[in-house]
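Spelled out from the first residue to the last, the chains are:
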Amino acid sequence: MSTTETHSGGCQCGAIRYRIDGPLRPAGFCHCRMCQKAFGNFGAALTGVGLDALHWTRGQPAIFRSSPVVARGFCRDCGTPLFMLEDGWPIIEIAVGTLDDPSASPPDHVVGVESKLSWADGLADLPGRRTDQDRNAQDIMKLRSLQHPDHDTTSWPPENRD
């Protein structure tokens, strides 16, 4: 009996969900200016999968052409960046943070370093704190997540979100 490796993921609001049949390629971290803008961050962690391995299981992403040869997919409801696809390329680059288990694809290379922000290398040296060290219990209750859980659901959103 053989088992096929599968991965699932989706956007923050749950309007878009996907399944990947097969292994993830090693992720890369991109510092290029297009990834900075697309992710609203200092870069983007992306993992590649074959186009034939990706299946949209709920909804369809909206597309923005960030260059003449690159399409970027995102959720039109919540704005979550989902992928990057270069025209004619058989590999789609999935945003690692959209995987239900983002630790399944750690980066093994960095690209776009010509656009890397001057402070990016120092992030690991900054002091770190847990959220509950910065916020009191009452504040944390207000921050209760309304995002889709990190697993597939039969429907979303739930009927009662109070």
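Here's a quick rundown of the structure.

Scoring rules and cut-offs
Residues numbered from 1 in each chain as written. Predicted model: local features only at pLDDT ≥ 70, side-chain atom pairs only at ≥ 80, totals over all residues. Heavy atoms only, no water. Salt bridge = Lys/Arg side-chain N within 4 Å of Asp/Glu carboxyl O. Helix = DSSP H or I, 4+ residues; strand = E, 2+ residues; numbered from the N terminus. Buried < 20%, exposed > 50% of the residue type's maximum accessible area, 1.4 Å probe, protein only. Core = buried A, V, L, I, M, F, W, Y, C linked by side-chain atoms within 4.5 Å. Contact = heavy atoms within 4.5 Å.

Here the focus is the pattern of salt bridges. Under the counting rule described, the total for this entry stands at 8 salt bridges. Between Asp 152 and Arg 17 there is a salt bridge whose closest N-O contact spans 2.6 Å. Of the two residues, Asp 152 sits in the segment after helix H3 (137-142) while Arg 17 sits in strand S2 (residues 17-21), which places them 135 residues apart along the sequence. Judged by its relative accessible area of 2%, Arg 17 falls in the buried class. Notably, a salt bridge pairs Asp 139 with Arg 135, separated by 3.6 Å at the nearest N-O pair. Judged by relative accessible area, which is 21%, Asp 139 ranks as partly exposed. Taken together, the shared-partner salt bridges in this structure form one network comprising Arg 17, Asp 100 and Asp 152.

Moving on to the nonpolar core. A general tendency of soluble globular proteins is for nonpolar side chains to be buried together. Core analysis: the largest hydrophobic core is formed by 16 residues, its most contacted members being Tyr 18, Ile 20, Val 49, Leu 54, Ile 92, Ile 94 and Leu 99. Looking at this core, the elements with two or more residues in it are S2, strand S8 (81-86) and strand S9 (91-95). Filtering out sequence-adjacent residues up to four positions away, Ile 92 remains in contact with Thr 47, Gly 48, Val 49, Leu 51, Leu 54, Phe 83, Met 84 and Leu 85. With 6 residues, the next largest nonpolar core counts Cys 30, Cys 32, Cys 35 and Ala 44 among its residues.

In short, the description is geometric, and any link to function would need to be established separately.
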